[in-house]
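An overview of the molecular structure
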Amino acid sequence: MTSNNPPVLANQEASLKLGRSLVLVGMMGAGKSTVGRSLASQLRVDFVDSDDEIQSAAGMSIPEIFERFGEEYFRDGERRVISRLLEGVPKVIATGGGAFLNEETRQLIKDHCHSVWISADLDTLVTRVSRRNNRPLLVGKDPRKVLSELGEIRNPIYAQADIHVCSDMAPHSNTVGQILKALQSCKK
Ligand code: S3P
């Protein structure tokens, strides 16, 4: 008896062809950029980080944008940059922690992409954000308090993503593996 099933491939990623962009959402410190870079290389597509793109478009760092023009201006740039990134060939896109909160951005992502919420417990987020001091929302504040308060508001919204994976203290390669596995059964 002959079978029409495709051959089983040894590598999980080898059997995946990304038909639409994969957008990573979640809190600061969740690991979106590190996980995204690795996912993109395994899926053999480009990786883009929306924060990096905003900084290049503005010719300024994110702290400078917040300081000179305020958060609202940053959010407007973020919305425009992400809608541009969503066009074109499928890629992996890591978004800044506030991007998915914007209704227009969220709808675009839901309509045209695979969305993945990477969550992590508070201890993990606090440890990871303490490695860098380039996040204006945390400067001069208690990161645990800010992250906890933002999480209350944001987590129900991140939960609207197609896929949810946890990236607690485990290595980022675990998170990458979880996402590749979830993508295989994604119906989109
Ligand atoms: C923000 C997260 C940051 C950056 C900006 C605002 C947020 O990105 O976009 O500082 O509102 O959570 P990361 O999530 O990559 O740290």
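My aim in this report is to walk through the structure given alongside it, one point at a time. The model shown is predicted, which means the values in this text are computed figures rather than measured ones.

With that settled, consider the sheet that holds strand E4 (residues 114–119). In spatial order, the strands read E2-E3-E1-E4-E5; together these five strands make up an open sheet with parallel pairing. Edge positions in the open sheet fall to strand E2 (47–49) and strand E5 (163–166), since each of these has one partner strand only. Neighbour-to-neighbour, the strand axes of the sheet open up by a mean angle of 20°, direction not taken into account. One ladder, built from four bridges, connects strand E1 (residues 22–25) with E4; its direction is parallel. Among the inter-strand pairings, leucine 24 is bridged to a residue of E4, identified as valine 116. Its contacts with the sheet put helix H1 (residues 32–43) on E1, E2, strand E3 (92–94) and E4, and the angle it makes with E1 is roughly 165°. Where helix H8 (residues 172–184) meets the sheet, it contacts E1, E4 and E5, and its direction lies at approximately 155° from that of E5.

A word on the pairing of E1. Residues Leu22 and Leu24 of E1 are buried on one face, and the alternating residues Val23 and Val25, pointing to the opposite face, are buried as well. Here E1 runs beside E3; their pairing, made up of three bridges, is parallel. Bridge pairing links valine 23 to isoleucine 93 in E3.

What follows covers the nonpolar core. Soluble globular proteins tend to pack their nonpolar side chains together in the buried interior. Ranked by internal contacts, the top residues of the largest apolar core, which has 51 residues, are Leu22, Leu39, Leu43 and Ile179. If one sorts the elements of this core by residue count, helix H7 (residues 143–158) sits on top with five residues. Filtering out sequence-adjacent residues up to four positions away, leucine 22 remains in contact with Leu39, Leu43, Lys91, Val92, Ile93, His114, Val116, Ile179 and Leu183.

Turning next to the side chain of lysine 91. Looking at the element boundaries, lysine 91 is found in the loop between helix H4 (71–85) and E3. A distance of 2.7 Å separates a polar atom in the side chain of lysine 91 from the backbone oxygen of leucine 85. Setting aside chain neighbours within four positions, we find lysine 91 in contact with Leu18, Ser21, Leu22, Val45, Asp46, Val48 and Leu85.

Turning our attention to the site of the ligand. Residues in contact with the ligand amount to 13 residues; listed here are only the nearest, Lys32, Asp51, Arg75, Arg135 and Arg154. Separating an oxygen atom of the ligand from a side-chain N or O atom of lysine 32 is a distance of 2.6 Å. One nitrogen or oxygen atom from the side chain of aspartate 51 is found 2.7 Å from an oxygen atom belonging to the ligand. Considered on its own, the ligand offers 380 Å² of accessible surface; in the complex 94% of this is hidden by protein. In this structure the site holding the ligand corresponds to the largest pocket. Of the residues that constitute the shell around the ligand, the class distribution is five nonpolar, three polar and five charged.

Moving on: the pairing of E4. Judged by how many residues are buried, E4 sits mostly within the fold: six of six residues are covered. Judged by which residues are buried, E4 turns out to be covered on both faces: His114, Val116 and Ile118 on one side and Ser115, Trp117 and Ser119 on the other are all buried. Summarising the sheet, E4 and E5 pair through four bridges and their orientation is parallel. When the sheet's bridge partners are listed, valine 116 is paired in E5 with isoleucine 163.

Moving on, we come to the layout of surface pockets. Computed from the structure, the largest pocket encloses a volume of approximately 680 Å³. If you trace the largest pocket, you find 33 residues lining it, with Gly29, Ser33, Asp51, Arg132 and Arg135 closest to the centre. Sorting the residues of the lining of the largest pocket by element identifies H1, helix H2 (50–58), helix H3 (62–69) and H4 as the ones contributing at least two each. Considering every element that reaches the lining of the largest pocket, the biggest residue donor is H1, with four residues. Tallied by class, residues from the lining of the largest pocket come to 10 nonpolar, 11 polar and 12 charged.

Rules used in this analysis
Residues numbered from 1 in each chain as written. Predicted model: local features only at pLDDT ≥ 70, side-chain atom pairs only at ≥ 80, totals over all residues. Heavy atoms only, no water. Pairing = 2+ DSSP bridges. Helix = DSSP H or I, 4+ residues; strand = E, 2+ residues; numbered from the N terminus. Axes fitted to C-alpha atoms, helices over the stretch in contact; angles between N-to-C directions. Contact = heavy atoms within 4.5 Å. Buried < 20%, exposed > 50% of the residue type's maximum accessible area, 1.4 Å probe, protein only. Core = buried A, V, L, I, M, F, W, Y, C linked by side-chain atoms within 4.5 Å. Polar contact = N/O pair within 3.5 Å; in protein donor to acceptor, adjacent residues only side chain to side chain. Near = heavy atom within 4 Å. Areas by Shrake-Rupley, 256 points an atom, 1.4 Å probe, with all protein chains shown as cover. 1 Å grid on protein atoms, 1.4 Å probe; cavity = no way out; pocket = protein on both sides within 12 Å on 5 of 7 lines; lining within 4 Å. Sits in = over half its atoms within 2 Å of the grid points. Nonpolar A, V, L, I, M, F, W, Y, C, P; charged D, E, K, R; others polar. Points joined across faces, edges and corners; volume = space filled by probe spheres on them.

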